[in-house]
Amino acid sequence: MANNLGKLVVLLGLDASEYTRGLTKAEYEAQKFAKNTRSAILEVGKVLGGLEIGRQLYESTKAIIEQAASLNDLSDATGSSVESLSRLSNQAQIAGTDFNTLQTLVLKLAAGMAGADEESSKVGAALKYLGVTAKDPTEALQQVAISLNKYADGVGKAGIAVALFGKQGPAFLATLKDIADLQDVGATVSAKQSAEAE
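In this report, we go over the structure that sits alongside the text. (Residues numbered from 1 in each chain as written. Predicted model: local features only at pLDDT ≥ 70, side-chain atom pairs only at ≥ 80, totals over all residues. Heavy atoms only, no water.)

## Things to note about the packing of aromatic side chains
No. 1: Going through the model one piece at a time under the given rule, you end up with 2 aromatic pairs.
No. 2: On the numbers, 6.0 Å between centres and 25° between planes, the contact of Tyr 129 with Tyr 151 is stacked. One end of the pair, Tyr 129, is in helix 4 (residues 122–130); the other, Tyr 151, is in the loop between helix 5 (137–148) and helix 6 (155–165), with 22 residues separating them in the sequence.
No. 3: Overall, Tyr 151 belongs to the partly exposed group, its relative accessible area being 33%.
No. 4: Here the aromatic rings of Phe 165 and Phe 172 are separated by 5.9 Å at their centres, their planes lie at 80°, and the arrangement is edge-to-face. (Phe/Tyr/Trp six-rings, centres within 6.5 Å; stacked < 30°, edge-to-face > 60°. Helix = DSSP H or I, 4+ residues; strand = E, 2+ residues; numbered from the N terminus. Buried < 20%, exposed > 50% of the residue type's maximum accessible area, 1.4 Å probe, protein only.)

Structure representation (structure tokens):
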């Protein structure tokens, strides 16, 4: 019995040793797996980050091309140069005005200027009152913005805006003030670039 007890102690000792080695090996394998998993996750993160940068680059390029094409379309509609429209667009963008608002301003002024030579034209009278001499709608809008910026806010200024842009005219006064304040902003799209964007 003592002999069997000794064998049992030796066997238990060997089994415990194997068990400990097994645990150590399992811990090592678990740590190795965790390290490999972390590396894989980091690599996936890099790939996804690269994809996001690529997506953002694509979206930015697409927006630039669409804006150039829009400037070309507006140039076709008004006869204004793409460069002067680009400058006006940059001013509006810095001021926080979207392209649709700018397009509305230019198109309304262009339509009004088409009949501005008539004696009864409200637009013609407002342009004359402000001292606007430009025949190009975009240049005229620049002159309107600068001239209106000299007047105090109030019903007189709002009345001129209505004469030039219709009922929505007073809503454009803040944009016109910003355009007047941003006269040092230049164009970023040329006629060639806008034509290529079509």
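On we go from here.
## Thoughts on helix 7 (residues 173–181)
No. 1: All of the buried residues in helix 7 are Leu 173, Thr 175, Leu 176, Ile 179 and Ala 180. One side of helix 7 carries all its buried residues, which in axial view fall inside an arc of 160°.
No. 2: Considering only its buried residues, helix 7 is in contact with helix 2 (82–95), helix 3 (99–114), helix 5 and helix 6. (Arc of directions from axis to C-beta. Contact = heavy atoms within 4.5 Å.)

## Topic: empty space enclosed by the protein
With a probe scaled to a water molecule rolled over the atoms, the places where space remains empty come into view.
No. 1: Considering all chains together, one arrives at 1 cavity of 30 Å³ or more under this definition.
No. 2: In this structure, the largest cavity spans a volume of roughly 40 Å³.
No. 3: In this structure, the largest cavity is lined by Ala 145, Leu 148, Asn 149, Lys 157, Leu 173, Leu 176 and Lys 177.
No. 4: Elements with a contribution of two residues or more to the lining of the largest cavity: helix 5 and helix 7.
No. 5: The greatest single-element share of the lining of the largest cavity, amounting to 3 residues, is contributed by helix 7.
No. 6: Partitioning the lining of the largest cavity into residue classes produces 4 nonpolar, 1 polar and 2 charged. (1 Å grid on protein atoms, 1.4 Å probe; cavity = no way out; pocket = protein on both sides within 12 Å on 5 of 7 lines; lining within 4 Å. Points joined across faces, edges and corners; volume = space filled by probe spheres on them. Nonpolar A, V, L, I, M, F, W, Y, C, P; charged D, E, K, R; others polar.)

## Describing the side chain of Ser 147
No. 1: With respect to the secondary-structure elements, Ser 147 resides in helix 5.
No. 2: Of note is the side chain of Ser 147, whose polar atom sits 3.1 Å from the backbone oxygen of Leu 130. (Polar contact = N/O pair within 3.5 Å; in protein donor to acceptor, adjacent residues only side chain to side chain.)

## A few points about the packing of helix 3 against helix 5
Packed helix pairs are characterised by how far apart their axes lie and by the angle those axes make with each other.
No. 1: Contact pair helix 3 / helix 5: the axes reach a minimum separation of 9 Å and the direction vectors enclose 105°. If you check the angle between helix 3 and helix 5, you find them roughly perpendicular. Along its contact with helix 3, which presents Leu 105, Val 106, Leu 109, Ala 110 and Met 113, the element helix 5 presents Pro 137, Thr 138, Ala 140 and Leu 141.
No. 2: Taken together, the residues that form the contact of helix 3 with helix 5 break down as 8 nonpolar, 1 polar and no charged. (Axes fitted to C-alpha atoms, helices over the stretch in contact; angles between N-to-C directions. Parallel < 35°, antiparallel > 145°, perpendicular 65-115°, else oblique.)

From the geometry alone we can't say anything about function, so treat these as descriptive.
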